[in-house]
Amino acid sequence: MRPVAVVGIGKTAFGAFPDRDLRSLAVEAGHKALEDAHAKPSQIEAFYLGNFAGPSFVGQNHLAPYVAAGMGIIGIPATRFEAACASSGAAFFHAVSAVAAGLYDVVLVTGVEKMTSQPTPKVTEILAGAGDLCGEVRAGATFPALFAMIARRHMYQYGTTREQMAAVAVKNHANGAKNPLAHMRKVITIEQALAGKPISEPLTVYDCSLVSDGAAAVVIAPLERASEFTDKPVRVLGISQASDNVALDEKEDITTLRAVKTSAEKAYKMAGVTPADIQFAEVHDCFTIAEILATEDLGFVKKGEGGPYALAGKTCLQGERPVNTSGGLKAKGHPVGATGVGQICDVAQQIRGEAGERQITHNKLGLAQNLGGSGATSVVTILGAA
Amino acid sequence: MTNPGSGTVYTETVVYSPPEAYVNDVPYQLAIIELENGRRLTGRIDGERAQIGDRVNFVDFRNNVAFFKKTA
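Below you will find a few notes about this structure. All of these numbers come straight from a predicted model, not from anything done at the bench. Throughout, residues of each chain are indexed from 1 in the direction in which the sequence is written. Written order determines the labels here, with chains lettered from A and ligands numbered from 1. The predicted origin of the model limits local features to residues at a pLDDT of at least 70 and limits the giving and counting of side-chain atom pairs to 80 or more, whereas totals for whole chains, interfaces and linings rest on all residues. Hydrogens and water molecules were not included; the side-chain quantities draw on all heavy atoms of the structure.

### Topic: the overall build of chain B
1) Next: On a plain count of helices and strands, chain B comes out with 0 helices and 5 strands.
2) Next: Sequence-ordered secondary structure for chain B, helices as α and strands as β, is β-β-β-β-β.
3) Next: When we talk radius of gyration, it's over C-alpha atoms, and the globule rule is simply 2.2 Å times the number of residues to the 0.38. Against the compact-globule benchmark of 11 Å for 72 residues, chain B has a radius of gyration of 12 Å, which places it among compact chains.
4) Next: Dimensions of chain B along its principal axes, counting C-alpha atoms only, are 35 × 25 × 20 Å.
5) Next: Residues counted as buried form 47% of the 72 residues belonging to chain B.
6) Next: Residue contacts are counted whenever heavy atoms from the two residues lie within 4.5 Å of one another. The contacts in chain B between residues at least 6 apart in sequence include a share of 37% that link residues at least 24 apart.
7) Next: A total accessible area of about 3,600 Å² is found for chain B, and carbon and sulfur atoms account for 44% of it.
8) Next: The positive charge centre, built from 8 side chains, and the negative charge centre, built from 9, are 3 Å apart in chain B. In this description a helix means any DSSP run of H or I spanning at least four residues, a strand means any run of E spanning at least two, and both kinds are numbered starting from the N terminus. For every residue, the accessible area obtained with a 1.4 Å probe (protein chains only) is divided by the maximum for its type, and the residue is called buried under 20%, exposed over 50%, and partly exposed between those limits. What sets the accessible areas is the Shrake-Rupley method with a 1.4 Å probe; for residues, cover comes only from the shown protein chains. Counting rule applied: Lys, Arg positive; Asp, Glu negative; His and chain ends not counted. A charge is said to be at NZ when it belongs to Lys, at CZ for Arg, at CG for Asp and at CD for Glu.

Structure representation (structure tokens):
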């Protein structure tokens, strides 16, 4: 297996863009990544697209060649990956695998979602399609409801509090306010977060990530060719994808995301590092409780200690291990199919020292964790300065 | 569909922001019930609000969804 590097990154702003269609967002991010890599469309040997529900949100299918052709990229393999909110994490994992195996050298991976053209109950229903339609969803489960039930159980077993969850929201909003591409650039207080409109008890609107439009893209290449494209290559040190039951009621212990643990352990092993070595992370905070679970299941803290860890400020920009310096899904926005590749861009941006007001100093080894559904897909990537 | 019998609330929530199909039901309580046979089932709680650890009895199926009620 050859070492692989991220040699170009590109993102659109995340937000609600009524005048933009899915393809124009994906094309914009792709062109930005190519430009960043000083690469031409003709150099791309394969195109991997992560997208969760384009056919449901906007009615368009056959998305990968559609987007590729929109960039003037024709003739190469172009394939869409669907793994719920981990769609572009999965696309990235498979693209890295193909480059590592020597199948291709220069590959473009894009993630995109166009969600805001549908009313909230319809968006809720489409997202629920990532759950078990014959069981939990038929009973009335939404994604906020599934994570609310995880939160309740975590509170019951470990004494996690609403204040601890609110601390995650406050921190991510503070970071998002400093991110020019974030959907919501608004600082909030713990009191505001606690008093938010209830969505699914105990989660309020401030515990939930945003419904967003947006796209993100990366160009990857073998490390040995990285200098042709950039003087700041970011190396993929470890990467793994894992799966679990789709239905929440089929999981043995809902307070642990088993696929996250499995994929993290494999990624750490591949990278030859331990959780303690990870200096910063972008984790999948689709809900505040999910960030708490992530810090536990990635091994940053012991099970049950994620809430106190967040409330103590350990994951803030100035904390011992900054988490979601981008603002996370909570404030940066969560165009679901774009999120996985977006996280890779965010971690790479920190490693390259280009995060502006959000730049951290211990930025050499970062981790990205992308989750699908209530944990049925997990992709963990460890990135480092090459 | 077979009667799942009684069980214990493993976890629960009250939903305020529904999917399109259930806009007329909100707010409603959703729960994962641990049944006597050890299996878990996602269903609805009818009537009085139930919490983790509460005993619940099966009431009926409505549109293939199991409804439970807190044991008095």
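So much for the structure itself; the text now carries on.
### Considerations on the nonpolar core
Residue and element names in this part refer to chain A.
1) Next: Ranked by size, the top nonpolar core spans 64 residues in total, and within it F147, Y268, I289, L298 and I382 carry the most contacts.
2) Next: Among the elements that take part in this core, helix α6 (residues 143-158) stands out by supplying 9 residues, more than any other.
3) Next: The residues touching L298, leaving out its near neighbours within four places in the chain, are V260, A264, Y268, P275, V283, L367, Q369 and V380.
4) Next: In these notes, a set of buried Ala, Val, Leu, Ile, Met, Phe, Trp, Tyr and Cys residues joined through side-chain atoms within 4.5 Å is what counts as a nonpolar core. Residues V6, F81, V234 and I360 belong to the second largest nonpolar core, which totals 35 residues.

### What to know about the environment of A:F47
All names here are of chain A.
1) Next: Residue position: F47 is located in strand β2 (residues 46-50).
2) Next: With relative accessibility at 1%, the residue F47 sits in the buried group.
3) Next: Sequence separation between F47 and I74 is 27 residues, and the spatial gap between their C-alpha atoms is 9.9 Å.
4) Next: Setting aside anything within four residues of it in sequence, one finds F47 in contact with A64, V67, A68, I76, P77, A78, T79, L108 and T110.

### Regarding the sheet that holds strand β7 (residues 213-222) of chain A
Residues and elements named next belong to chain A.
1) Next: Whether two strands pair comes down to DSSP finding at least two bridges between them. The sheet built from 9 strands is open, its strands ordered β3-β2-β4-β7-β1-β8-β11-β10-β9 with mixed pairing. A single partner strand is all that each edge strand has here, and the edge strands are β3 (78-81) and β9 (280-282). Taken pair by pair, the neighbouring strands of this sheet meet at an average axis angle of 25°, ignoring direction.
2) Next: Summarising the sheet, strand β1 (residues 4-11) and β7 pair through 7 bridges and their orientation is antiparallel. Note on method: axes are straight lines fitted to C-alpha atoms, helices fitted across the in-contact stretch only, with angles between N-to-C directions ranging 0 to 180 degrees.

### Some remarks on the interface of chain B and chain A
1) Next: Facing the 28 residues of chain B at the interface are 29 residues of chain A.
2) Next: Two parts placed together each lose some accessible area under a 1.4 Å probe, and adding up what both lose gives the buried area. Between chain B and chain A lies a buried interface of about 2,400 Å² when both sides are counted; carbon and sulfur atoms form 55% of it.
3) Next: Salt bridges are defined by distance alone: a side-chain nitrogen of Lys or Arg within 4 Å of a carboxyl oxygen of Asp or Glu. Run the count over chain B and chain A and you get 3 salt bridges.
4) Next: When the shortest N-O distance is used, the salt bridge between B:E12 and A:R152 registers 2.7 Å.
5) Next: For this analysis, a polar contact is any N or O atom pair within 3.5 Å, provided that within protein one partner can donate a hydrogen and the other can accept it, and provided that sequence-adjacent residues contribute only side-chain to side-chain pairs. Across the chain B-chain A interface, the total number found is 19 residue pairs in polar contact (both at pLDDT 80 or more).
6) Next: A per-element tally of the side of chain B that touches chain A places strand β1 (residues 6-15) of chain B first, with 6 residues.
7) Next: For this classification, Asp, Glu, Lys and Arg are treated as charged, while Ala, Val, Leu, Ile, Met, Phe, Trp, Tyr, Cys and Pro are nonpolar and the rest, including Gly, are polar. Residue composition of the side of chain B that touches chain A, grouped by class: 16 nonpolar, 7 polar and 5 charged.

### Re helix α5 (residues 120-128) of chain A
1) Next: Taken residue by residue, α5(A) has A:V123, A:T124, A:I126, A:L127 and A:A128 as its buried positions.
2) Next: The elements touched by buried residues of α5(A) are α2 (54-57), α6 and α13 (336-351) of chain A.

### Considering the side chain of A:R153
1) Next: Inspection of the secondary structure puts A:R153 in helix α6.
2) Next: Among buried charged residues, A:R153 stands out as having no salt bridge; its nearest opposite-charge side chain is A:D253, 6.0 Å away.
3) Next: In contact with A:R153, other than residues within four places in its own chain, are A:I254, A:T255, B:Y10, B:T11 and B:I52.

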